[in-house]
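Residue-level structure breakdown
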Amino acid sequence: MRILHVVGARPNFMKIAPIMQIMSKYPEVFKQTLVHTGQHYDTAMSKVFFDDLQLPEPDVYLGVGSDTHAQQTACIMSAFEPILLEQKTDWIFVVGDVNSTLACALVAAKTGIRTAHVEAGLRSFDRTMPEEINRLLTDQISDLLFVTEPSGLINLSREGCPQHKIHFVGNVMIDTLLYFQDRAEQSPILESLGISSRGYMILTLHRPSNVDHRETFENILKALVEIGQHVPILFPIHPRTLKLLSNFKLLNYFVKSNPSESPIIRKGIHLMDPLGYLDFCKLLANAKAVLTDSGGIQEETTWLGVPCLTLRENTERPITVTEGTNIIVGRNPKKIVAECLNILGGGGKKGNIPMLWDGRAAQRIVDVLMKT
Ligand code: UD1
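Read on for a plain summary of the structure. (Residues numbered from 1 in each chain as written. Predicted model: local features only at pLDDT ≥ 70, side-chain atom pairs only at ≥ 80, totals over all residues. Heavy atoms only, no water.)

A closer look at the environment of Gly96
By secondary structure assignment, the location of Gly96 is in the loop between strand S4 (91–95) and helix H4 (99–110). The buried category is assigned to Gly96, whose relative accessible area is 1%. C-alpha separation for the pair Gly96 and Ala9, spaced 87 residues apart in sequence, amounts to 9.7 Å. Those residues in contact with Gly96 that lie beyond four places of it in its chain are Lys15, Thr101, His117, Val118 and Glu119. (Helix = DSSP H or I, 4+ residues; strand = E, 2+ residues; numbered from the N terminus. Buried < 20%, exposed > 50% of the residue type's maximum accessible area, 1.4 Å probe, protein only. Contact = heavy atoms within 4.5 Å.)

Remarks on the site of the ligand
Lining the immediate surroundings of the ligand are 20 residues, of which His40, Asn99, Glu131, His238 and Lys243 lie closest. Alone, the ligand offers 740 Å² of accessible surface; in the complex the protein occludes 88% of this. Elements represented by at least two residues in the shell around the ligand include exactly helix H1 (10–23), helix H3 (69–86) and helix H12 (239–247). Examining the composition of the shell around the ligand, we find that three residues originate from one element, H12, more than from any other. In terms of residue class, the shell around the ligand is built from five nonpolar, eight polar and seven charged. (Near = heavy atom within 4 Å. Areas by Shrake-Rupley, 256 points an atom, 1.4 Å probe, with all protein chains shown as cover. Nonpolar A, V, L, I, M, F, W, Y, C, P; charged D, E, K, R; others polar.)

Quick look at H1
Because each turn of an α-helix spans 3.6 residues, side chains separated by three or four positions in sequence point in the same direction. A maximum bend of about 30° is found in H1 at Ile16, where proline Pro18 lies one to four positions downstream. Within the span of H1, buried status applies to Asn12, Phe13, Met14, Lys15, Ile16, Ala17, Pro18, Ile19, Met20, Ile22 and Met23. (Bend = angle between axes of the 7 residues up to and from the residue.)

A short note on the side chain of Thr33
Here Thr33 shows up in strand S2 (residues 31–36). On the accessibility criterion, Thr33 (8% relative accessible area) is buried. Apart from the residues within four sequence positions on either side, Thr33 is in contact with Ile3, Leu4, His5, Asp59 and Gln87.

Focus: the side chain of Asp126
Structurally, Asp126 can be placed in the loop between strand S5 (114–120) and helix H5 (130–141). Buried and without a salt bridge, Asp126 has Arg312 as its closest oppositely charged side chain, separated by 6.4 Å. Within the structure, the side chain of Asp126 is placed 3.3 Å from the side chain of Asn314, a separation counted as a polar contact. With sequence-adjacent residues up to four places away left out, Asp126 is seen in contact with Glu132 and Asn314. (Lys, Arg positive; Asp, Glu negative; His and termini not counted. Salt bridge = Lys/Arg side-chain N within 4 Å of Asp/Glu carboxyl O. Polar contact = N/O pair within 3.5 Å; in protein donor to acceptor, adjacent residues only side chain to side chain.)

As structure tokens, this is what we get:
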């Protein structure tokens with residue numbers, strides 16, 4: 001079977017890694033090709049993950065870069081089409097919900113090549129999110145739908161997806177978290193930042209709904225500054241968010257580090273460069289709490305048993321709320337502060353690990369594929 005894997009943006013890398021690794025155990029069955037669209041291109045957003053996750057160099061790099069949604073999606077499609085036309089491919093594998101996912105699935109559907117979508121069926125029911133559009137459309141045109149949590153099964157059935165396409169296999173991102181857990185544990189990041197386990201919170205923010213409007217962004221920062229009086233908050237920042245912070249002149253909300261001492265021991269919000277996979281996992285595992293608008297981090301914190309406050313009005317990953325450690329706090333400053341103080345006072349949600357988040361999702365995917 002000739003498999004072409006597609007990655008493009010940061011959250012794709014940890015999802016494709018375990019699938020490629022399991023397939024490589026069957027060299028007589030699978031011939032794998034890795035295509036990187038170049039949606040993310042900075043070293044800190046891409047190359048670091050290839051190193052940390054021991055991913056092979058991409059066979060093809062499309063180098064599309066950043067642009068508007070339409071331009072970026074169109075560029076990926078026109079760069080990807082000749083690759084699919086010239087290579088013999090039985091299946092393409094796309095993961096998650098980024099523009100690269102939809103763009104490549106669409107090209108495959110039009111050239112008659114079968115598509116497997118990993119992390120199918122998740123729905124926030126919020127069509128103002130670009131990812132929701134990507135999820136809905138990718139699922140409609142895919143031939144195999146690999147689902148991480150039971151809500152995905154319900155959503156896909158309700159949308160009329162044929163049952164034979166749908167497979168509940170668990171979560172490949174958790175495969176990666178488990179596989180690299182020991183190596184992440186060896187990261188020296190806590191010592192190098194001068195922080196101790198449970199002595200800090202982590203913040204990530206990049207959703208347009210949180211950071212594209214100055215007033216919304218500033219209101220969130222004001223709430224976080226209040227929390228920062230009690231505990232250091234580490235903010236590894238997405239390049240897009242950094243640009244907006246600077247354009248909006250909001251950099252005054254952050255602690256200025258003193259280069260002669262470790263910058264992080266002080267309370268307040270600390271801006272940091274984006275982190276690699278292993279360092280970030282070490283920080284996640286040892287955090288007092290995580291504040292985020294990311295999707296994947298809601299799942300990683302649930303598996304790690306670390307309280308997560310999601311700074312969005314909804315989640316496409318409801319199992320992290322019903323079973324895991326996630327609380328949806330939205331953008332309400334009062335709620336954000338109250339939940340953080342509760343955690344600092346010894347509260348914080350305890351959770352369970354969802355069904356099939358056991359490190360064997362990629363094996364299940366490969367088993368299904370071999371029977372198809
Ligand atoms: C994308 C995904 C989002 C995912 C996120 C993870 C879509 C629609 N969005 O959002 O679902 O959660 O990745 O990071 O696909 N930039 C750089 N360097 C890079 C990449 C991006 O500076 O390597 C900056 C550029 O200013 C760019 C902006 O970030 O315009 C946005 O990048 P883009 O890939 O379009 O979307 P993300 O916000 O990263």
